[in-house]
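Chain residues, written in single-letter form:
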Amino acid sequence: MLSVTNLDVAVNGGMILNGLNLEVQAGEVHAIMGPNGSGKSTFANVLAGHPGYEVTAGSVIYEGQDLLQMEPEERARQGVFLAFQYPVEIPGVSNVYMLKAAVNEIRKHRGESELDAVKFLKLVREKLKLVDMKEEFMHRAVNEGFSGGEKKRNEIFQMAMLEPKLAILDETDSGLDIDALKVVAQGVNELRDASRSIVIVTHYQRLLDYIVPDYVHVLAGGRVLKSGGKELALELEEHGYGWIKDQTAEPLETRA
Amino acid sequence: MNIAASSTDAADYVAAQQIAADALPAAGTPWLDASRDKAKAILTDVGLPTTRLEDWKYTNTRSITRSKFDPVLRSESWSDTAVIEQLIEQLKVPELKSHRLVFADGIFVSGLSSDADLPRGIRVMSMAQLLQSEPEYLKSALGSALPESPHGFTAMNSSFISDGAFVEIGAEVILDKPIELLFVSACSGKDRLGLPRNLVLCRSGSSATVVERYLSATKSRSLTNAVTEVILDGSARLNHYRVVDESADSFHVGGLFVQQDQSSRLDACSVVLGGGLVRNDVLVNLNAPGAAVDLTGLYLGRGRSHVDNHTHVVHHTPDGTSREHYKGILDDRSRAVFHGRITVESGAQQTDSEQSNQNLLLSRDAEVDTKPQLEIYADDVKCAHGATVGQLDDGAVFYLRARGVGEDEARKMLTLAFAADVLAKIEQPALKGYLEHCVNDRLSFVPRTS
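What you see is a predicted model; the values in this text were computed from it and never measured.

About the thresholds
Residues numbered from 1 in each chain as written. Chains lettered and ligands numbered in written order. Predicted model: local features only at pLDDT ≥ 70, side-chain atom pairs only at ≥ 80, totals over all residues. Helix = DSSP H or I, 4+ residues; strand = E, 2+ residues; numbered from the N terminus. Rg over C-alpha atoms; globule rule 2.2 N^0.38 Å. Buried ≥ 20, exposed ≤ 12 C-beta atoms within 10 Å, placed from the backbone. Contact = placed C-beta atoms within 7 Å. Nonpolar A, V, L, I, M, F, W, Y, C, P; charged D, E, K, R; others polar. pLDDT = per-residue confidence, 0-100. Axes fitted to C-alpha atoms, helices over the stretch in contact; angles between N-to-C directions. Parallel < 35°, antiparallel > 145°, perpendicular 65-115°, else oblique. Left-handed = near helix turned anticlockwise from the far one by under 90°. Domains from an automatic or database assignment. Pairing = 2+ DSSP bridges. Core = buried A, V, L, I, M, F, W, Y, C linked by C-beta atoms within 7 Å. Expected span 1.5 Å × (residues − 1). Arc of directions from axis to C-beta.

### Focus: the overall build of chain A
From N to C terminus, chain A includes 8 helices and 12 strands. In terms of C-alpha radius of gyration, chain A reaches 18 Å, essentially the compact-globule figure of 18 Å for 256 residues. Each principal axis of the C-alpha atoms in chain A carries an extent, and together these give about 60 × 40 × 35 Å. The buried share of chain A, reckoned over its 256 residues, is 43%.

### Some thoughts on the overall build of chain B
Across its full length, chain B carries 10 helices and 21 strands. Whereas a compact globule of 450 residues would reach a radius of gyration of roughly 22 Å, chain B reaches 21 Å, a difference of no more than 12%. The principal-axis extent of the C-alpha atoms belonging to chain B is close to 70 × 55 × 55 Å. Counting over 450 residues, chain B shows a buried share of 53%. When contacts within chain B are restricted to residue pairs at least 6 apart in sequence, long-range pairs at least 24 apart make up 83% of them.

### Side note on the environment of aspartate 193 of chain A
On the secondary structure map, aspartate 193 of chain A appears in the loop between α6 (178-191) and β10 (197-202). Along the backbone, aspartate 193 of chain A and histidine 109 of chain A are 84 residues apart, and their C-alpha atoms lie at a distance of 22 Å.

### As for the interface of chain A and chain B
At the interface, 20 residues of chain A touch 18 residues of chain B. When residues of the side of chain A that touches chain B are traced back to their parent elements, those giving at least two are α2 (72-77), β7 (90-94) and α3 (95-109) of chain A. In terms of residues, the side of chain A that touches chain B owes the most to one element, α3 of chain A, which gives 5 residues. Each residue belonging to the side of chain A that touches chain B can be placed in one class, and the counts come to 14 nonpolar, 3 polar and 3 charged.

### Points about the confidence of the model for chain B
All names here are of chain B. On average, residues of chain B score 93 in pLDDT, and 96% of them are at 70 or above. A low-confidence stretch, residues 1-6 (pLDDT under 50), is modelled with 0 contacts involving residues beyond four sequence positions or located in other chains. Per the prediction output, this complex has pTM 0.89; the corresponding ipTM is 0.94.

### Remarks on the packing of helix α9 (residues 407-424) of chain B against helix α10 (residues 429-442) of chain B
A pair of packed helices is captured by two measures, namely the crossing angle of their axes and the spacing between those axes. All names here are of chain B. At their nearest, the axes of α9 and α10 sit 11 Å apart, and the two run at 155° to each other. Considered as vectors, α9 and α10 are oriented roughly antiparallel to each other. Helix-helix and strand crossings are classified by hand; for α9 and α10 the assignment is right-handed. For the pair α9 and α10, contact is made by Leu416, Ala419 and Leu423 and by Lys432, Leu435, Glu436, Val439 and Asn440, respectively. When grouped by side-chain class, the residues that make up the contact of α9 with α10 number 5 nonpolar, 1 polar and 2 charged.

### Things to note about the domain arrangement of chain B
Residues and elements named next belong to chain B. Annotation of chain B at the domain level lists domain 1 (10-288) and domain 2 (399-450). The straight-line distance from the C-alpha centre of domain 1 to that of domain 2 is 30 Å. Taken together, the 13 residues of domain 1 in the interface contact 10 residues of domain 2. Mapped onto the side of domain 1 that touches domain 2, the elements with two or more residues apiece are β9 (207-216), β11 (237-245) and β13 (265-274). Within the side of domain 1 that touches domain 2, the residues separate by chemical class into 9 nonpolar, 2 polar and 2 charged.

### Quick notes on unusual backbone geometry
Only a minority of non-glycine residues have a phi that is not negative, and only a minority of peptide bonds are not trans. Residues and elements named next belong to chain B. Non-glycine residue glutamate 95 carries a positive phi angle of around 65°. Inspection of the secondary structure assignment puts glutamate 95 in the loop between α4 (81-91) and β2 (99-104). When the 11 C-beta atoms within 10 Å are taken as the criterion, glutamate 95 is described as exposed.

### With respect to the sheet that holds strand β15 (residues 292-301) of chain B
All names here are of chain B. Strand order in this open sheet of 10 strands is β3-β2-β6-β9-β11-β13-β15-β17-β19-β21, and the pairing throughout is mixed. Strand pairing shows two members of the sheet lacking a second neighbour, β3 (107-108) and β21 (382-390), which therefore form its edges. The sheet contacts of α4 involve β2, β6 (179-185) and β9, and relative to β6 the element is tilted by about 125°. Lying over the sheet, α10 contacts β9, β11, β13 and β15, oriented at roughly 30° with respect to β13.

### Notes on the confidence of the model for chain A
Looking at chain A, pLDDT values average 91 and 96% of them are 70 or higher. Confidence over residues 251-256 of chain A falls short of pLDDT 50; this stretch has 5 contacts with residues more than four positions distant or in other chains.

### Concerning the nonpolar core
If you look at the biggest cluster of nonpolar residues, it comprises 194 residues, and the most contacted ones within it are Ile168 and Ile200 of chain A together with Phe103, Val184 and Leu414 of chain B. The element contributing the most residues to this core is α9 of chain B, with 8 residues. Not counting residues up to four positions away in its chain, the partners in contact with leucine 414 of chain B are Ile90 and Val93 of chain A together with Leu392, Asp393, Ala396 and Val397 of chain B. Counting residues in hydrophobic clusters, the runner-up holds 10 residues, among them Leu43, Leu48, Ala155 and Met156 of chain B.

### Quick notes on helix α5 (residues 148-162) of chain A
Residue and element names in this part refer to chain A. An ideal rise of 1.5 Å per residue puts 21 Å on 15 residues; α5 measures up with 21 Å between its terminal C-alpha atoms. Burial within α5 is extensive, with 12 of its 15 residues counted as buried. Within the span of α5, buried status applies to Lys151, Lys152, Arg153, Asn154, Glu155, Ile156, Phe157, Gln158, Met159, Ala160, Met161 and Leu162. Just beyond α5, the residue with positive phi is glutamate 163, at close to 45°.

### Here we look at the pairing of β11 of chain B
Residues and elements named next belong to chain B. Most of β11 sits out of view: 7 of its 9 residues are buried. Bridge count for β9 against β11 is 9 bridges, and the pairing is parallel. Opposite valine 210, over in β11, you have histidine 240 as the bridge partner. Where β11 lies against β13, 9 bridges are found, and the strand directions are parallel. The partner of aspartate 245 across the bridge, within β13, is glycine 274.

### Description of helix α1 (residues 10-20) of chain B
Residues and elements named next belong to chain B. If you check which residues of α1 are buried, you get Ala10, Tyr13 and Gln17. Along the long axis of α1, the arc covered by the buried residues comes to 65°, so they all point the same way. More than 90 degrees from the buried face of α1, the exposed residues found are Ala11, Ala15, Gln18 and Ile19. Where α1 is buried, its residues contact α2 (30-46) and α7 (152-160).

### Regarding the sheet that holds strand β3 (residues 29-33) of chain A
Two strands in a sheet stick together by hydrogen bonds in their backbones, pointing the same way (parallel) or opposite ways (antiparallel). Residue and element names in this part refer to chain A. An order of β6-β9-β10-β3-β11-β12 is seen for the 6 strands of this open sheet, with the pairing classed as mixed. The two strands at the open ends of the sheet, each matched to only one other strand, are β6 (80-83) and β12 (223-228). Looking at each pair of strands side by side, their axes are set apart by 20° on average, direction ignored. On top of the sheet, α5 reaches β6 and β9 (166-170); it is set at about 170° to β6, its chief contact.

This is the structure we're talking about:
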């Protein structure tokens, strides 16, 4: 599904990712953990095609294609989905309008016909239930005036609507209380299946109690320092990120 | 150094007026002659505006004064009304059922108008016809809403007063169907000057909608110098729309001058979709307690177009409410000017006033000069104003792209969203749908910012 090799990424001349490697197979859930400034969110944004990052070396192959050559919209149409850490407020564009445009762009790409209003609404109602959202949210401007929890639920709702092959959740747990976290996690779990891969970027182990990953990777200084099974997250929780530092031969570059 | 150029000035129009004076509608009516003469004297005195005037600092009229425009004062051989008819058919607002008057270069074209089924208590007719048949009926109202010191263009319009629309909504009459005034410029060749002069009288307790639309018949260079006066008696209500959608080679100077009596309400919406140079002046006088005005505006600039909105709301009396919300979307090398002035006189306590101007620049070469201005002489008032100039939010563009929406489409979606709240206030569904379509259409080219 996804193969990342020796990825180097710079922002404003500073190196953020430095030789990152990652392999994700179809159906797998990978958690990427790491301290602040380790490059987790940069990695998530680079996969989605954020124009603010410069890939200086390495490759990202998605389903046999060079992901880095694709425009962000092209990636989305091919099944890449980023749940934003900070979902953007878009006054004047309703949720339903944006989603309809998005769903139909993706359907068009797949060679499917556009959904008519009735079918679209039926799909919306079905998916809203997944994240326990009211239909009135659909008619509000995208994320405008939403609480932190509502924004994150809206991301998972969009993910459910767009049915991606590769979903990247960027700190979807940040700012959520425990109830909202459970709702979001349940929404994600419902979407787990053998053909869909999920990359969860998170600072805390907490989310992984509810979305149990197949693999955990610890990122620091822009590269994967240690990989393991779900138990690695628990060890991290217990010992802190300093423990990884001691575990690895190479000294960590600390970032401000 | 004196560079000789074939430029014109006020004297040319004064001369044209003198030649035409005796043949103007109702010439020989003493009060009207005096009124035209007075306006002519003002035009002679102040001349056409230049950037030396504070109110014209950012709008250079040289592109207008470079040519001499020939006033159209009476119906000419509209040998080819078919052309105008076709244009009206093309540019009509779909599904808008209206009482419609059509003016070609400012002159009423009865054959194209549809005002037959007007309800009782409502008069909608050609100004020239009314001047000829009942000049005295207009004596007290005509000119009564104009600013004390009009600029040269307004004075020019007043010195001619040839034709335009007269609208009167009788006391307590509620008119659901809008009155549509369609002004088609560039009908009779190059460099023609249309001088529509409109008067809208809303008697007490009445309610109506008037839509003024300004279009071009051809791409010929033209000047439209239009003045509309609106008088709202007690508790009268008017929805007024003014849509300018002329060709890139057209010049347009328009005025909306309003007097409002007690508890009257005006909702005025100005939309500029196209035109080479467009200057809109708005003056609203709130003359009695409880009067309310809501001004909204949307202007689109592209190519090298120039749009200037000059508005002035004067609170003379207590308990008045004014709202003003203008938005601009500027692309290419277009320029816009917004000057919104609100005056709260010393007696106008409990005034509630809000004003905002927001601009979206789609290109690095577009430019806007915005000047919100409050003058408050009362001490118990609530007033707020503000202005912004910004670009599309890159974060929002990326968000939409990350959902599969193409970049151009994302930019267009966000640009339309910027205009959405102005268009949302339009109460006529057919007109709203039409203007949304027009804005969408004009922005279909929205390019990537470099």
